[in-house]
Amino acid sequence: MKNIKKIKASEESKKSSNAITRELLAKKGKKPVDGCPEIN
Amino acid sequence: MEVRRFKDLLAIKSPDQEIWGFHAYNLDIASLSEELWSALADENSLRRHPEQLQELEDWNNEISSEAQDAWHEAQDTRQRAHHKTDIQHKACGPLKAPKIKKLSLNIAQICNLKCGYCAAGGDGTYGSDTSKIDTSIAQEQIRYFLALSAKAPKNPSYEFDIRFLGGEPLLYPSVIRELCLYAALCAAGQDNLHLTFSVTTNGTLITPKVADMLADLRFAVTISLDGQPEVNDRTRPAKTTKASSTIMTLKGISELQRVRPQLRALNVNSVFGDHNMKIHDAYLYITSLGVKWDEINLLYSNNEQNEFNNRLYIEEMRRVAETAFRRGGLAELSTIKQFQAPLVRIAARTRIHSYCGAGKSLIQADTRGDLYACNWFMNDPDEKIGARTRLKSDKIMRYQNSFIELNDCQACWARHLCGGGCLAVHKSQTSDKHKKDPDFCERTRAIASMAIHYYAKSFVAESNAESYTENKSESHTKSKSENKNKNDEQRN
């Protein structure tokens with residue numbers, strides 16, 4: 001697709017994607033479960 | 001942030017003129033061309049750009065196997081009809097019983113502070129005259145819900161969290177300790193159970209002894225603090241003294257810092273609304289305290305709709321995001337709970353179908369032992385779903401469906417990042433927990449679009465950095481070999 005370039009297209013991007021995912025998941029634990037961001 | 005929509009796709013134009021696309025079902029992110037953005041201006045414009053229209057149609061119709069559903073949907077063995085329409089959404093089949101993994105106990109329905117915006121009846125009581133938890137009923141509930149979760153099928157290992165709320169729960173630390181030890185006793189021998197404890201407190205009563213107790217039991221502690229002392233003392237004054245509540249809270253935080261390595265987490269909650277809208281200032285103050293916060297919750301809570309403040313909240317959160325991202329990229333941004341939620345869902349490509357676990361994985365008990373799906377429903381007779389260990393099946397089953405369906409959110413692009421919204425906020429603004437609060441939806445979509453923007457920005461920056469490094473090392477290798485050749489030539 002000429003006008004839509006998915007960000008995970010390249011291998012380099014995939015590496016980046018995994019790094020970011022790992023970083024975020026490390027914060028939250030393995031499962032991105034339901035939370036209560038509005039009121040706790 | 002300007003947004004345009006095509007079916008289940010969202011296009012976002014950032015203030016820096018970057019254009020991102022977001023697939024609401026696959027949680028895919030793309031970089032979009034300026035031509036495509038222009039084509040999305042309106043329907044006529046799209047008709048004049050058949051190539052762009054076809055690309056949008058193709059992307060919209062994709063179903064990615066990489067994106068998955070959140071845990072309670074993923075574990076669900078129900079057959080779901082998969083409607084692939086312009087608005088993609090999984091419709092739910094017959095309902096299953098809840099899998100409770102979080103029991104929230106109100107230790108005290110009384111508080112030593114008197115916050116002007118208190119949503120717990122104005123004084124921490126939720127309108128109840130039973131100020132202290134009935135320990136024997138709480139023990140019965142701990143035993144029952146722990147045993148119930150252990151019986152859940154296909155559960156080789158599982159977590160169960162007991163959360164202590166108030167009022168101010170640390171008015172009765174010995175009761176908390178007693179209940180934790182009782183829970184540990186009930187869980188003894190269950191190797192596959194990971195039992196955890198958490199508490200939300202104003203932090204003013206954390207003595208060295210209380211901090212040690214929280215550390216010994218590896219608590220996750222959430223402190224309520226609204227910002228700088230002059231703000232926090234005004235919004236969260238002590239009930240019976242003129243002493244600064246902020247000083248007391250900071251002393252408590254300092255005690256927690258002493259035992260920080262033993263705590264499971266240390267979080268902070270700040271509440272904004274008509275009483276205080278200085279969110280960016282509060283963020284700067286909170287992050288200047290020298291505490292490594294696991295989560296910073298900058299939540300908006302108003303008794304009445306206020307369009308102006310809602311927009312102000314969005315603007316302040318935009319400033320907070322900018323500062324956080326500048327300081328530490330996605331890692332720093334995802335410390336802020338409002339951004340963490342969509343970021344984690346995008347990063348893990350995980351769709352949620354319900355905003356929270358209310359009535360599905362979470363049960364709230366008040367001081368009398370009455371049961372609710374959420375702490376904000378306490379003392380509301382319409383929302384009572386049981387008492388002691390008896391859940392009313394008709395009431396609890398109503399919570400088992402997807403909140404996206406219950407709240408009619410199928411057409412929203414942010415539905416799988418939001419999960420249908422907070423039932424308590426909806427009810428407080430519209431008197432019906434399934435009738436959406438438009439202000440809530442507006443700020444949720446605004447924050448989700450900021451999260452998409454920063455996720456994409458970070459991604460592209462990293463890719464560019466990697467390509468740059470590779471090119472650099474390639475050219476470095478090239479120049480090294482060129483030099484080697486030159487040297488060889490000279491030698492020859």
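Note that this is a predicted model, so its numbers are computed, not measured.

The rules behind each value
Residues numbered from 1 in each chain as written. Chains lettered and ligands numbered in written order. Predicted model: local features only at pLDDT ≥ 70, side-chain atom pairs only at ≥ 80, totals over all residues. Heavy atoms only, no water. Pairing = 2+ DSSP bridges. Helix = DSSP H or I, 4+ residues; strand = E, 2+ residues; numbered from the N terminus. Axes fitted to C-alpha atoms, helices over the stretch in contact; angles between N-to-C directions. Contact = heavy atoms within 4.5 Å. Parallel < 35°, antiparallel > 145°, perpendicular 65-115°, else oblique. Left-handed = near helix turned anticlockwise from the far one by under 90°. Nonpolar A, V, L, I, M, F, W, Y, C, P; charged D, E, K, R; others polar. Salt bridge = Lys/Arg side-chain N within 4 Å of Asp/Glu carboxyl O. Core = buried A, V, L, I, M, F, W, Y, C linked by side-chain atoms within 4.5 Å. Buried < 20%, exposed > 50% of the residue type's maximum accessible area, 1.4 Å probe, protein only. pLDDT = per-residue confidence, 0-100. Polar contact = N/O pair within 3.5 Å; in protein donor to acceptor, adjacent residues only side chain to side chain. Expected span 1.5 Å × (residues − 1). Lys, Arg positive; Asp, Glu negative; His and termini not counted.

J.: Would you mind showing me how to read the sheet that holds strand S4 (residues 29–32) of chain B here?
T.: Neighbouring strands of a sheet are bound in pairs by backbone hydrogen bonds; such pairs are parallel or else antiparallel. Here five strands make up an open sheet; going across it, the order is S1(A)-S4(B)-S3(B)-S2(B)-S1(B) and the pairing antiparallel. Of all strands in the sheet, those with a lone pairing partner are strand S1 (4–6) of chain A together with strand S1 (2–6) of chain B, marking the two edges. Between one strand axis and the next, the sheet turns by 30° as a mean value, whatever way the strands run. Inspection of the sheet shows strand S3 (residues 19–23) of chain B paired to S4(B) by three bridges, in the antiparallel sense. Paired with Phe22(B) across the two strands is Ile29(B), which belongs to S4(B).

J.: Looking at this structure, I do not really get the sheet that holds strand S17 (residues 384–387) of chain B. What am I missing?
T.: Residue and element names in this part refer to chain B. Spatially, 10 strands are ordered S13-S12-S11-S10-S9-S8-S15-S16-S17-S18 in an open sheet, and the strand pairing comes out mixed. This sheet does not close on itself; its edge strands, each paired only once, are strand S13 (295–300) and strand S18 (390–391). Sheet analysis places strand S16 (residues 370–372) next to S17, joined by three bridges and oriented antiparallel. Each residue of the ladder has a partner; that of Asp-370, found in S17, is Ala-387. The strands touched by helix H5 (residues 135–150) are strand S8 (102–106), strand S9 (158–165), strand S10 (193–201), strand S15 (362–365), S16 and S18; relative to S9, the strand with the most contacts, the crossing angle is about 155°.

J.: Would you take a moment to explain the packing of helix H7 (residues 208–216) of chain B against helix H9 (residues 245–258) of chain B for this structure?
T.: Think of two packed helices as two axes; the pair is described by the angle between the axes and how far apart they sit. Residue and element names in this part refer to chain B. Two numbers describe how H7 lies on H9: the axes approach to 9 Å, and their chain directions differ by 45°. It follows from the interaxial angle that H7 and H9 lie oblique. Judged by the twist between their axes, the crossing of H7 over H9 is right-handed. Taking contact as the criterion, the partners of Pro-208, Ala-211, Asp-212 and Leu-214 in H7 are, on H9, Glu-255, Leu-256 and Arg-258. For the contact of H7 with H9, the class distribution of residues is four nonpolar, no polar and three charged.

J.: Got a minute to help me understand the packing of H5(B) against helix H6 (residues 173–187) of chain B in this structure?
T.: Residue and element names in this part refer to chain B. The geometry of H5 relative to H6 is characterised by a closest axis approach of 10 Å and an angle of 30° between their N-to-C directions. Classified by the angle between their axes, H5 and H6 sit roughly parallel to one another. You can see that H5 and H6 cross each other, and the crossing is right-handed. Contacts from Thr-135, Ala-138, Gln-139, Ile-142, Arg-143 and Leu-146 of H5 reach H6 at Val-175, Glu-178, Leu-179, Tyr-182, Ala-183 and Cys-186. Partitioning the contact of H5 with H6 into residue classes produces eight nonpolar, two polar and two charged.

J.: Teacher, can you tell me more about the pattern of salt bridges here?
T.: Think of it this way: side chains of opposite charge can pair up when their charged atoms draw near. Residues and elements named next belong to chain B. By the definition in use, this model includes 32 salt bridges over all chains. A salt bridge links Asp-212 to Arg-258; the shortest N-O distance between them is 3.2 Å. With a gap of 46 residues between them, Asp-212 in helix H7 and Arg-258 in helix H9 connect regions that are remote in the sequence. The salt bridge involving Arg-311 is made with Glu-442; its shortest N-O contact spans 2.7 Å. A residue pair is termed long-range when its members are at least 10 positions apart, and Arg-311 in helix H11 (residues 307–333) and Glu-442 in helix H17 (residues 438–491) qualify at 131 residues.

J.: Got a minute to help me understand the pairing of S1(B) in this structure?
T.: A regular strand places its side chains so that they alternate between the two faces of the sheet. Residues and elements named next belong to chain B. As paired strands, S1 and strand S2 (residues 9–13) are joined by five bridges and run antiparallel to one another. Bridge pairing in S2 places Val-3 opposite Ile-12. A loop of two residues connects S1 with S2, the two strands running antiparallel in sequence, and Lys-7 in this loop sits at a positive phi of about 50°.

J.: So what exactly am I meant to see when it comes to the nonpolar core here?
T.: Soluble globular proteins tend to bury their nonpolar side chains together. All names here are of chain B. If you look at the biggest cluster of nonpolar residues, it comprises 114 residues, and the most contacted ones within it are Phe-22, Leu-105, Phe-164 and Phe-219. It is H17 that contributes the most residues to this core, 11 residues altogether. When sequence neighbours within four positions are dropped, the list of residues in contact with Phe-164 reads Leu-105, Ile-107, Pro-169, Ile-176, Leu-179, Cys-180, Phe-197, Ser-198, Val-199, Thr-200 and Phe-219.

J.: Would you explain the confidence of the model for chain B in this entry?
T.: Do not read the predicted coordinates in detail wherever pLDDT is low. Of the residues in chain B, 87% have a pLDDT of 70 or more, and the chain-wide mean is 88. Taken as a whole, residues 72–94 of chain B scores under 50 in pLDDT and shows 62 contacts with residues more than four places along the chain or in a different chain.

J.: Help me out: how do you make sense of the environment of Gln52(B) in this one?
T.: Structurally, Gln52(B) can be placed in helix H3 (residues 50–61). Judged by its relative accessible area of 8%, Gln52(B) falls in the buried class. On a C-alpha basis, the gap between Gln52(B) and Ala188(B) in space is 61 Å, while along the polypeptide they are 136 residues apart. If near-sequence neighbours (up to four positions away) are discounted, Gln52(B) is found in contact with Asn3(A), Glu35(B), Leu36(B) and Ala39(B).

J.: Before we go on, may I ask you to explain the pairing of S17(B) in this structure?
T.: Residue and element names in this part refer to chain B. Direction of pairing for S17 relative to S18: antiparallel, over a ladder of two bridges. The residue of S18 that forms the bridge with Ala-387 is Arg-390. Hairpin geometry of S17 and S18 is characterised by an intervening segment of two residues between the two adjacent antiparallel strands and by a positive phi of about 55° at Arg-388.

J.: Honestly, the side chain of Asp366(B) in this entry has me stumped. Any pointers?
T.: All names here are of chain B. Take Asp-366: it is sitting in the loop between S15 and S16. Among the residues examined, Asp-366 registers a relative accessible area of 2% and is labelled buried. There is a polar contact of 2.9 Å between the side chain of Asp-366 and the backbone nitrogen of Asp-370. Apart from the residues lying within four places of it in its own chain, the contact partners of Asp-366 are Asn-106, Gln-109, Tyr-372 and Met-378.

J.: Would you mind going over H9(B) with me for this structure?
T.: The α-helix winds at 3.6 residues per turn, so residues separated by three or four positions along the chain end up facing the same way. Residues and elements named next belong to chain B. The end-to-end C-alpha separation of H9 is 20 Å, in line with the 20 Å expected for 14 residues at 1.5 Å each. Among the residues of H9, those classed as buried are Ser-245, Thr-246, Thr-249, Gly-252, Ile-253, Glu-255 and Leu-256. On its buried face, H9 sits against H7, strand S11 (220–224), helix H8 (229–235), strand S12 (265–272) and helix H10 (279–286).

J.: How should I be thinking about the side chain of Asp439(B) in this particular structure?
T.: Residues and elements named next belong to chain B. Residue position: Asp-439 is located in helix H17. Buried and unpaired, Asp-439 has Arg-443 as its nearest opposite-charge partner, separated by 5.3 Å. Other than its neighbours up to four places away in sequence, Asp-439 contacts Gln-305, Asn-306, Glu-307 and Asn-310.

J.: When you look at unusual backbone geometry in this model, what are you seeing that I'm missing?
T.: Backbone phi values are negative for most residues with the exception of glycine, while trans is the configuration of most peptide bonds. Residues and elements named next belong to chain B. Here the amide bond leading from Gly-166 into Gly-167 is cis, since omega sits at 20°, within 30 degrees of zero. Its identity is not glycine, yet Lys-7 carries a phi of approximately 50°, on the positive side. Tracing the backbone through its elements, the reader meets Lys-7 in the loop between S1 and S2. Judged by relative accessible area, Lys-7 falls into the partly exposed class, the value being 27%. Even without being a glycine, Leu-27 presents a positive backbone phi close to 60°. Its place among the elements puts Leu-27 in the loop between S3 and S4. Judged by its relative accessible area of 2%, Leu-27 falls in the buried class.

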